[in-house]
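As a plain string of letters, each chain reads:
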Amino acid sequence: MKNVKRFIAALMATVVVATLSGISAFATKTYPGVEDASDLGVGTYLCFGDSIATGYLSEQSGEDFKSINIAQTLRDGETTTNAYPTMIADALGLDVHDNPFGYFGNSNTQKNNDVWSWNHDHYDFYNYARDGLTSHEFRLLLDPSYYNQMTAEEKDISDNIIIDGDFTKQGKTGFKKMQKHIHHDLAQADVITAWFGSNDLLFYVLQKTLAVVNDHTITDAANAALSTVGMAGALDAVINAAALVGKLPLVLATMLIQSNKANAAFAENWDAFMEIVMKEKKPTAKVYVGDIYNSNYGLKFTSTDQFRFGQLLSFSANEINNVIRNTSKYRSQYTVVHTAGVEQYLPEWAPIDQWQSALDEGYFYTMFMATAHPQREGQIYLANEFVKAIKSNYLS
């Protein structure tokens, strides 16, 4: 009945949007610009994703990086109304507030007393998106025994990602709760989306490069940058410090090697993750995955002409996409959605001659993060790409 009412409401509204494919379709009332799909009969939706799926920075707008307030985009225990999974759930006619994590929204926050409680056997919307997670953590989410296969270094990196990158502030305790419930929740879903991999190219490559090079000057520079301007500044600091101590060729070669290892690790983790998803989902459930994008293509982190880190990330992104689109053992069992097309909606990078002032004035990290995360228009694009794929499968 709920789906019928939503469909009728969409018809009465007669709001027509021109989608990126050029086909007109009725839009949802909550998110004008997102196609309505409430007549498909989808009862439950589950999402796996990283900070793009949490809607990180999606409530900000424009390219005035000084005015973008990262601290206000996600508050403790909340996820954003502008995240593409929320838009997808709404488009499917589901109650986005009916979720076991007990939180929703920023400006439209609605909390309940059942936070992280899983008091019901069934929910409309399971959003397992968390900031900063890599393929290692998503594999670990479904298979806790994988932790025993990780090296001590990988465990340390993964632990820090889970503790420091979790906007819910539940840390490892929250992650263990997710591990406990994910198998039941996965078996409930009619539609499943999975989109991650970009973080594999940053966290593990940087940390492992520092460990291999093992130079205190470079490590100290990276740690200082991490604590003040974040990952982007750390990458810049590593390259510049390496040049100062005469180890730039070693650092660049190590980054390339670690990037290749990150690609190989992703391929292994992706198939291990998909194996469990395919075994535990309902036979009728459909799985949709996104390909990743490199928002930093051509980005020059240092004045030297020897190296462009953005181009290395682009190469690695292509390798990861090759796994997702072509070589995975489970490729025939999921639909690939061209989420990488969201690049056209990302804010433009400021010219390199403005970087020093951004560092001096403390908004370089904001600039880096803002150019890597879609704002509302980009989130609408992502939601529509998934919704169009879902409708195509259900209506074919």
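If you're wondering where the values come from, they're calculated on a predicted model, not measured in any experiment. (Residues numbered from 1 in each chain as written. Predicted model: local features only at pLDDT ≥ 70, side-chain atom pairs only at ≥ 80, totals over all residues. Heavy atoms only, no water.)

*Asks:* Any chance you could break down the overall build of the chain for me, citing the residues and the numbers?
*Replies:* Scanning the chain from terminus to terminus reveals 14 helices and seven strands. The contacts of the chain with a sequence gap of at least 6 include a subset with a gap of at least 24, amounting to 77%. Here the chain displays about 16,100 Å² of accessible surface, and carbon together with sulfur accounts for 51% of that area. (Helix = DSSP H or I, 4+ residues; strand = E, 2+ residues; numbered from the N terminus. Contact = heavy atoms within 4.5 Å. Areas by Shrake-Rupley, 256 points an atom, 1.4 Å probe, with all protein chains shown as cover.)

*Asks:* Give me the lowdown on unusual backbone geometry, citing residues and values where you can.
*Replies:* With glycine set apart, most residues show a phi of negative sign, and most peptide bonds adopt trans. With a phi close to 70°, L57 is a non-glycine residue in the positive phi region. Under the relative-accessibility criterion, L57 is labelled buried at 2%. The phi angle at N214 is positive, at roughly 55°, despite the residue not being glycine. When you line up the elements, N214 lands in the loop between helix 7 (203-213) and helix 8 (216-228). (Buried < 20%, exposed > 50% of the residue type's maximum accessible area, 1.4 Å probe, protein only.)

*Asks:* So, the nonpolar core: which residues are in play, and what are the values?
*Replies:* In terms of nonpolar packing, the biggest core is built from 81 residues, with F48, Y128 and M274 touching the most fellow members. Per element, the largest residue contribution to this core is eight residues, and it comes from helix 14 (residues 376-395). Not counting residues up to four positions away in its chain, the partners in contact with Y128 are L46, C47, F48, G49, F101, W118, F138, L141, M178, H181, I182 and D185. (Core = buried A, V, L, I, M, F, W, Y, C linked by side-chain atoms within 4.5 Å.)

*Asks:* Could you give an account of the confidence of the model for the chain, with specific residues and numbers?
*Replies:* Looking at the chain, pLDDT values average 79 and 77% of them are 70 or higher. Mean pLDDT values over the elements of the chain span from 29, in strand 1 (residues 16-18), up to 98, in strand 5 (residues 191-195). In the model, residues 105-113 has pLDDT below 50 throughout and makes 25 contacts with residues more than four positions away in sequence or in other chains. (pLDDT = per-residue confidence, 0-100.)

*Asks:* If you had to explain helix 14 to someone new, which residues and values would you point to?
*Replies:* For helix 14, with 20 residues, the first-to-last C-alpha span of 28 Å sits near the 28 Å given by 1.5 Å per residue. Burial within helix 14 is extensive, with 14 of its 20 residues counted as buried. (Expected span 1.5 Å × (residues − 1).)

*Asks:* How would you sum up the environment of T44? Please name residues and give values.
*Replies:* Residue placement: T44 occurs in the loop between strand 2 (24-26) and strand 3 (45-49). For T44, a relative accessible area of 1% gives the class buried. Residues T44 and I192, 148 residues apart in the sequence, show an inter-C-alpha distance of 8.8 Å. For T44, the residues in contact, after removing those within four places along its chain, are L94, H122, Y123, D124, Y126, Q188, A189, D190 and V191.

*Asks:* Please provide a residue-by-residue account of the sheet that holds strand 7 (residues 335-337), values included.
*Replies:* Strand order in this open sheet of five strands is 4-3-5-6-7, and the pairing throughout is parallel. In this open sheet, the two strands that pair with only one neighbour each are strand 4 (125-129) and strand 7. Each strand of the sheet is rotated relative to its neighbour by a mean of 15°, with strand direction disregarded. Relative to strand 7, strand 6 (residues 286-290) is paired through three bridges, and the arrangement is parallel. By the bridge assignment for strand 7, G290 is matched with V337. Strands in contact with helix 14 are strand 5, strand 6 and strand 7; relative to strand 6, the strand with the most contacts, it is inclined by about 150°. (Pairing = 2+ DSSP bridges. Axes fitted to C-alpha atoms, helices over the stretch in contact; angles between N-to-C directions.)

*Asks:* Would you mind going over the packing of aromatic side chains in detail, with residue names and values included?
*Replies:* All told, the structure shown has 17 aromatic pairs when counted by the stated rule. Plain terms: the ring middles of Y45 and F125 are 5.6 Å apart, the flat faces sit at 10° to each other, and that makes the pair stacked. Taken as a pair, Y45 in strand 3 and F125 in strand 4 lie far apart in primary sequence, 80 residues in all. A relative accessible area of 2% means that F125 is categorised as buried. Considering the side-chain rings of F48 and F273, the 5.0 Å spacing of their centres and the 85° angle between planes classify their relative orientation as edge-to-face. Note that F48 is positioned in strand 3 and F273 in helix 10 (residues 248-280), a separation of 225 residues in sequence. Residue F48 shares its accessibility class with F273, and that shared class is buried. These aromatic residues form a ring-pair network of at least three members: F48, Y128, F138, F196, F266, W270, F273 and Y334. Above the plane of the ring of Y394 lies K286, whose end atom (NZ or CZ) is 4.8 Å from the centre. (Phe/Tyr/Trp six-rings, centres within 6.5 Å; stacked < 30°, edge-to-face > 60°. Lys NZ or Arg CZ within 6 Å of the ring centre and 35° of its normal.)

*Asks:* For helix 3 (residues 84-91), give the residues involved together with the corresponding values.
*Replies:* Taking burial as the measure, the eight residues of helix 3 include eight buried ones, the bulk of the element. Looking one or two places after helix 3, you find G93, whose phi comes out positive at around 85°.

*Asks:* Describe in detail the pattern of salt bridges, supporting the description with residues and values.
*Replies:* Following the criterion strictly, the structure yields nine salt bridges and no others. R139 is the partner of E268 in a salt bridge, and the nearest nitrogen-oxygen pair spans 3.2 Å. Residue E268 is located in helix 10, and its partner R139 is located in helix 4 (residues 135-142); the two are separated by 129 residues in the primary sequence. Judged by relative accessible area, which is 48%, E268 ranks as partly exposed. (Salt bridge = Lys/Arg side-chain N within 4 Å of Asp/Glu carboxyl O.)

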